[in-house]
Amino acid sequence: MTEQMNSSRAKAGHLTSSLLAVAFLTSFGSSMLYGYNLAVVNSPAVYIKDFYNRTSVSRNGTGLDGEALTLMYSLTVSVFAIGGLLGSLMVGMLVTRFGRKGTVVNSTVLVFIAGSLMGFSRICGSPEMVIFGRFVTGIHSGISLSVVPMYLGEIAPKNLRGFLGLVPSLFICAGVFSAQILGLHEILGKEDHWPLFLSLVVIPTFIQLMLLPWFPESPRYLLIEKHNVHATIIALKWYRAKCNIQSEIEEMQEEQRSLSSVETVSVWRLILDPLVRWQLLSVVVINIGMQLSGIDALWFYTNDIFRNAGIPEPEIQYTTVGTGAIEIIAGLIGCFTIEKLGRRPLIIGGFLVMGFCCAGITLSLVHLPFMRYVSVGCVVGIIAGFCIGPAGVPFLITAELFKQSHRPAAYTVGGSLNWISNFTVGFVFPFLQMSAGSYCYLVFCCVCLAVAAFVFFVIPETKNKTFVEISQMFASKEAVPETQGLGHPDQLKLRKMNGYGTLENGSLEFDSSSSVP
């Protein structure tokens, strides 16, 4: 019986065309826009500032001074993170009301609003439209960064959850690379083209809007939260190979039974719940560490590093595009190795590489001729280390560490901390660089090494495990079930578990026929 169940699960774990299509559609129309919007304002910065100055002249008769112009452009860049924070705070409410796929589809309206505002801003002579457009697209990215990994994590079989979970991070890298390519002077890097350059985000979203509604909602959401068995079966038939899906439904029902007295929790209840303190702490550490690792600050210094390495000024933009290609290659390596190596090696190894390379940048700034080439290698190492693991695994881990009732609130916490840290680095780094100089990268080195150590000692490997099994691993940190010393599965006698291993009065018998291997 066990062999038949394992065989059916193996078949159910095949990568079907429907799974692949949904992973690409959601990532292409949502996740990729986050990467694109991170990089899109770099190339036309001079033209955007000139537009702001000319608008001030036409309105007030005088141009903006240097400080005011810098402030307006800084607001244009940073308001994206403010919108992202707002979007991340809305995730829990949206996914509970509209579902995972429903939230992805409904949030596309934000992209069309933002694209229209930025695209027509020059015609209307309104810098406010650019800034507000960036804010609105930030809200969309804040929603997407949490909802897309949640959706893919719930529709994926457990042996493909890592691969599909890293697809969004791969498309984020592709978005950065696309913005770097399109921003070249030979393509859209000219003054006349910057409004079009900013508004191109509507094209991927339009394709997603046309195709994604034809695919089903998350089966786990349909069964556990909506109690719709018929719709769950239809969704599983879409996302799985033609085989017996009964074992997967039984695993969902087991999770549903464990949550029978637990409704979807709020962020406040999640924070106060002592039974998920280790999961919550893990999400907090890896999401803050992801941004405080120095990857965003690196872009402040990349051009200077390349310039110090002797790269001619006109060729620096092409070198920057090369770093975008490295991001994609590293992301592909992460996608295709995560199910073999596991989550821990990728995230620990990624943070270790980043930490050593951050220290290397500081050492390379010693004025010795050969050290300038070391600095370029360290930049490549930081980018590769980040994209191979820390760029995507935190979002995947957030889905895996929590059951259905706690997952939306966990994504709200992780996403909001991610955006707050993003904004903090962008705001604090210039001052840190002025005060500490090249030694500022030692701060990022310490953060990376500390996060790697935390993951090594605290977070277990979640590869090829169900959500219930992962929750039970963390539950063992809080209490030891009465299963130790029992040699046979038929002898297992556990006290009733409420959610994440809380022990209540009474007992619940589990026999081997109802257990999920």
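What counts, and at which threshold
- Residues numbered from 1 in each chain as written.
- Predicted model: local features only at pLDDT ≥ 70, side-chain atom pairs only at ≥ 80, totals over all residues.
- Heavy atoms only, no water.
- Helix = DSSP H or I, 4+ residues; strand = E, 2+ residues; numbered from the N terminus.
- Buried < 20%, exposed > 50% of the residue type's maximum accessible area, 1.4 Å probe, protein only.
- Areas by Shrake-Rupley, 256 points an atom, 1.4 Å probe, with all protein chains shown as cover.
- pLDDT = per-residue confidence, 0-100.
- Contact = heavy atoms within 4.5 Å.
- Arc of directions from axis to C-beta.
- Polar contact = N/O pair within 3.5 Å; in protein donor to acceptor, adjacent residues only side chain to side chain.
- Salt bridge = Lys/Arg side-chain N within 4 Å of Asp/Glu carboxyl O.
- Disulfide = S-S within 2.5 Å.
- Core = buried A, V, L, I, M, F, W, Y, C linked by side-chain atoms within 4.5 Å.
- Patch = residues over 30% accessible without salt bridge, like charges linked within 9 Å, V, L, I, M, F, W, Y side chains within 5 Å.
- Axes fitted to C-alpha atoms, helices over the stretch in contact; angles between N-to-C directions.
- Parallel < 35°, antiparallel > 145°, perpendicular 65-115°, else oblique.
- Nonpolar A, V, L, I, M, F, W, Y, C, P; charged D, E, K, R; others polar.
- Expected span 1.5 Å × (residues − 1).
- Left-handed = near helix turned anticlockwise from the far one by under 90°.
- Phe/Tyr/Trp six-rings, centres within 6.5 Å; stacked < 30°, edge-to-face > 60°.
- Lys NZ or Arg CZ within 6 Å of the ring centre and 35° of its normal.

1. Some thoughts on the overall build of the chain
And step 1. Scanning the chain from terminus to terminus reveals 24 helices and 2 strands.
And step 2. Here the chain, with 517 residues, has 54% of them falling under the buried criterion.
And step 3. A total accessible area of about 21700 Å² is found for the chain, and carbon and sulfur atoms account for 67% of it.

2. Observations concerning the confidence of the model for the chain
And step 1. Here the chain shows a mean pLDDT of 81. Residues at 70 or above account for 84%.
And step 2. Here residues 1–12 is a poorly scored stretch, pLDDT under 50, and it has 18 contacts once near neighbours within four places are set aside; other chains count.
And step 3. Note on residues 479–517: pLDDT under 50 across the span, and 60 contacts to partners over four residues away in sequence or across chains.

3. Observations regarding helix 13 (residues 229–239)
And step 1. Where helix 13 is concerned, the buried positions are Ala 231, Thr 232, Ala 235, Leu 236 and Tyr 239. End-on, the buried residues of helix 13 take up no more than an arc of 135°, which puts them together on one face. In helix 13, those exposed residues whose orientation departs by more than 90 degrees from the buried face are His 230 and Lys 237.
And step 2. The N-terminus of helix 13 is capped by Asn 228, whose side-chain oxygen sits 3.4 Å from the backbone nitrogen of His 230.

4. Structural notes on the pattern of salt bridges
And step 1. Overall, the coordinates contain 9 salt bridges when judged by the stated rule.
And step 2. Two residues, Asp 50 and Arg 54, come together in a salt bridge whose shortest N-O distance is 2.9 Å. Placement of the pair is Asp 50 and Arg 54 together in helix 3 (residues 45–60), with a separation of 4 residues, close to one helical turn.
And step 3. Look at Asp 50 and you get partly exposed, because its relative accessible area is 30%.
And step 4. Judged by its relative accessible area of 39%, Arg 54 falls in the partly exposed class.
And step 5. Across the salt bridge formed by Arg 100 and Glu 225, the nearest N and O atoms sit 3.2 Å from each other. One end of the pair, Arg 100, is in helix 5 (residues 100–106); the other, Glu 225, is in helix 12 (residues 219–225), with 125 residues separating them in the sequence.
And step 6. Members of the salt-bridge network, linked through shared partners, are Arg 100, Glu 154, Glu 225 and Arg 407.

5. Some details on the state of the cysteines
And step 1. Evaluation of the coordinates by the stated rule reveals 0 disulfides.
And step 2. Cysteine Cys 378 is unpaired, with the sulfur of Cys 357 as its nearest cysteine sulfur at 4.9 Å.

6. Observations regarding the nonpolar core
In a soluble, globular protein the nonpolar side chains are often hidden away together inside.
And step 1. If you look at the biggest cluster of nonpolar residues, it comprises 119 residues, and the most contacted ones within it are Val 22, Leu 198, Leu 270, Leu 298, Ile 382 and Tyr 441.
And step 2. By residue number, the principal contributor to this core is helix 8 (residues 127–155), which donates 13 residues.
And step 3. If we ignore the near neighbours within four places in the chain, the residues touching Leu 298 are Ile 361, Val 379, Ile 382, Ile 383 and Tyr 441.
And step 4. Counting 5 residues, the second largest nonpolar core, distinct from the first, contains Leu 223, Ile 245, Ile 249 and Met 252.

7. A short note on a nonpolar patch on the surface
And step 1. On the surface, Ile 82, Phe 423, Phe 427, Val 428, Phe 431 and Met 434 cluster together into a nonpolar patch covering about 620 Å² of accessible area.
And step 2. Ranked by the residues each element gives to the nonpolar patch, the list is headed by helix 22 (residues 407–436), at 5 residues.
And step 3. As for its placement among the helices and strands, Phe 427 is situated in helix 22.
And step 4. Of the residues examined, Phe 427 reaches a relative accessible area of 53% and is grouped as exposed.

8. Observations regarding the packing of helix 3 against helix 8
And step 1. One way to put it is that helix 3 packs onto helix 8 with a least axis distance of 9 Å and a crossing angle of 140°. Relative to helix 8, helix 3 is oriented oblique. The residues of helix 8 that touch helix 3, namely those facing Phe 51, Tyr 52, Thr 55 and Arg 59, are Pro 127, Glu 128, Val 130 and Ile 131.
And step 2. Class assignment of the residues belonging to the contact of helix 3 with helix 8 gives a composition of 5 nonpolar, 1 polar and 2 charged.

9. A few points about helix 19 (residues 343–364)
And step 1. For helix 19, with 22 residues, the first-to-last C-alpha span of 31 Å sits near the 32 Å given by 1.5 Å per residue.
And step 2. Among the 22 residues in helix 19, 16 count as buried, and that is most of the element.

10. Considering the side chain of Ser 141
And step 1. The exposure class of Ser 141 is buried, given its relative accessible area of 0%.
And step 2. When sequence neighbours within four positions are dropped, the list of residues in contact with Ser 141 reads Leu 33, Tyr 34, Phe 80 and Trp 419.

11. Structural notes on the packing of helix 4 (residues 66–98) against helix 8
And step 1. Relative to each other, helix 4 and helix 8 sit at 40°, their axes nearing to 6 Å. Where helix 4 crosses over helix 8, the two elements pack in a sense that is right-handed.
And step 2. Classifying every residue of the contact of helix 4 with helix 8 by side-chain character gives 19 nonpolar, 10 polar and 1 charged.

12. Points about unusual backbone geometry
Apart from glycine, the bulk of residues carry a negative phi angle, and the bulk of peptide bonds sit in the trans form.
And step 1. Within the chain, His 227 stands out as a residue other than glycine whose phi angle is a positive 55°.
And step 2. Looking at the secondary structure, you find His 227 in the loop between helix 12 and helix 13.
And step 3. Although it is not a glycine, Asn 464 adopts a positive phi angle of roughly 60°.
And step 4. Checked against the element boundaries, Asn 464 lands in the loop between helix 23 (440–458) and helix 24 (467–478).

13. What to know about the packing of aromatic side chains
And step 1. Under the criterion given, the structure shown has 12 aromatic pairs.
And step 2. Considering the side-chain rings of Phe 163 and Phe 336, the 5.6 Å spacing of their centres and the 50° angle between planes classify their relative orientation as tilted. With Phe 163 in helix 9 (residues 161–182) and Phe 336 in helix 18 (residues 316–341), the pair connects residues that are 173 residues apart, well separated along the chain.
And step 3. Residue classification places Phe 336 among the exposed residues on the basis of a relative accessible area of 57%.
And step 4. Members of the aromatic cluster, joined through ring pairs, are Tyr 34, Phe 80 and Trp 419.
And step 5. The ring of Tyr 73 has Lys 49 sitting right over it, with the charged end atom 5.0 Å from the ring centre.

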